[in-house]
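Report on the structure
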Amino acid sequence: MRTAVYFEGRRAGSLDWRQEPGGVRAVLDCELCSACILRVYAETEGAAPLYVGLPEPQGGRLRLARRLSAETLRQAGWTGKEPLRVYLAEKQEQTPRVEPEKRAPRTEPPRTGDAVLDALIEAGAVSAERTENGVCLSCPFSPHEPFALASAFVLCRAVQGRAVLDWKTEGAAEPAAPSEMD
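Most peptide bonds take the trans configuration, and most residues that are not glycine carry a negative phi. The residue Glu8 is not glycine, and still its phi comes out positive at about 50 degrees. By the element assignment, Glu8 lies in the loop between strand 1 (2–7) and strand 2 (10–20). The phi angle at Gln160 is positive, at roughly 45 degrees, despite the residue not being glycine. Structurally, Gln160 is set in the loop between strand 11 (157–159) and strand 12 (162–168).

So this is what it looks like as structure tokens:
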């Protein structure tokens, strides 16, 4: 495949990109367009820009013949891909930053006040939902395998393949206990 090579937005030459057993053969032929040391970079969809090499001035042109191994291409995420854009530059161009998708602010999961249980919640091993009386914790459960809430197993119940623990937190309404005065 032959593709155009650009320098500062204008066409400067071409790059032959040939698949070979065990890699790719890249052959560049461009006009001598700058007194600076220029490098060849290639871009394709879905992969980071690839440094192709450093061309040499030869006979008033810039030339480069280089073999890129399959392992080099694999590590760069270029396996089976061809360049969509090739350019000469002193250093790799910065790709425009894509703004991350705006999401609702992350809400903190509820806490129990118990260091072990809160560590399980933070690690994502246990899901936690706020309830009227405190926090309901749950995790996958099988009677034949270890489970995340094993440290509190005497307080858990099994519900449809999940271990469930209803944890009362401070400030939750407690039923009035009969007093000795009654």
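Once the structure has been displayed, the description carries forward.
So, about the sheet that holds strand 10 (residues 134–140). Spatially, the four strands line up as an open sheet ordered 9-10-12-11, and their pairing is antiparallel. Each of the sheet's edge strands pairs with one partner strand only, and the pair in question is strand 9 (127–130) and strand 11. Averaged over all adjacent pairs, the angle separating strand axes in this sheet is 30 degrees, with direction ignored.

Here the focus is the confidence of the model for the chain. On average, residues of the chain score 84 in pLDDT, and 86% of them are at 70 or above. Scored below 50 in pLDDT, residues 96–100 shows zero contacts in the model against residues more than four places distant or in partner chains. Across residues 172–182, where pLDDT falls below 50, the model places four contacts with residues more than four positions away in sequence or in other chains.

Within the sequence span of helix 2 (residues 115–123), burial applies to Leu117, Asp118, Leu120 and Ile121. The buried side chains of helix 2 occupy one side of the element, clustering within an arc of 155 degrees when seen end-on. Turned more than 90 degrees away from the buried face of helix 2 sit Ala115, Glu122 and Ala123, all of them exposed. A distance of 3.1 Å separates the backbone nitrogen of Val116 from a side-chain oxygen at the start of helix 2, and that oxygen is part of Asp114. With its phi angle positive at about 85 degrees, Gly124 sits one or two positions after the end of helix 2.

Rules behind the numbers
Residues numbered from 1 in each chain as written. Predicted model: local features only at pLDDT ≥ 70, side-chain atom pairs only at ≥ 80, totals over all residues. Heavy atoms only, no water. Helix = DSSP H or I, 4+ residues; strand = E, 2+ residues; numbered from the N terminus. Pairing = 2+ DSSP bridges. Axes fitted to C-alpha atoms, helices over the stretch in contact; angles between N-to-C directions. pLDDT = per-residue confidence, 0-100. Contact = heavy atoms within 4.5 Å. Buried < 20%, exposed > 50% of the residue type's maximum accessible area, 1.4 Å probe, protein only. Arc of directions from axis to C-beta. Polar contact = N/O pair within 3.5 Å; in protein donor to acceptor, adjacent residues only side chain to side chain.

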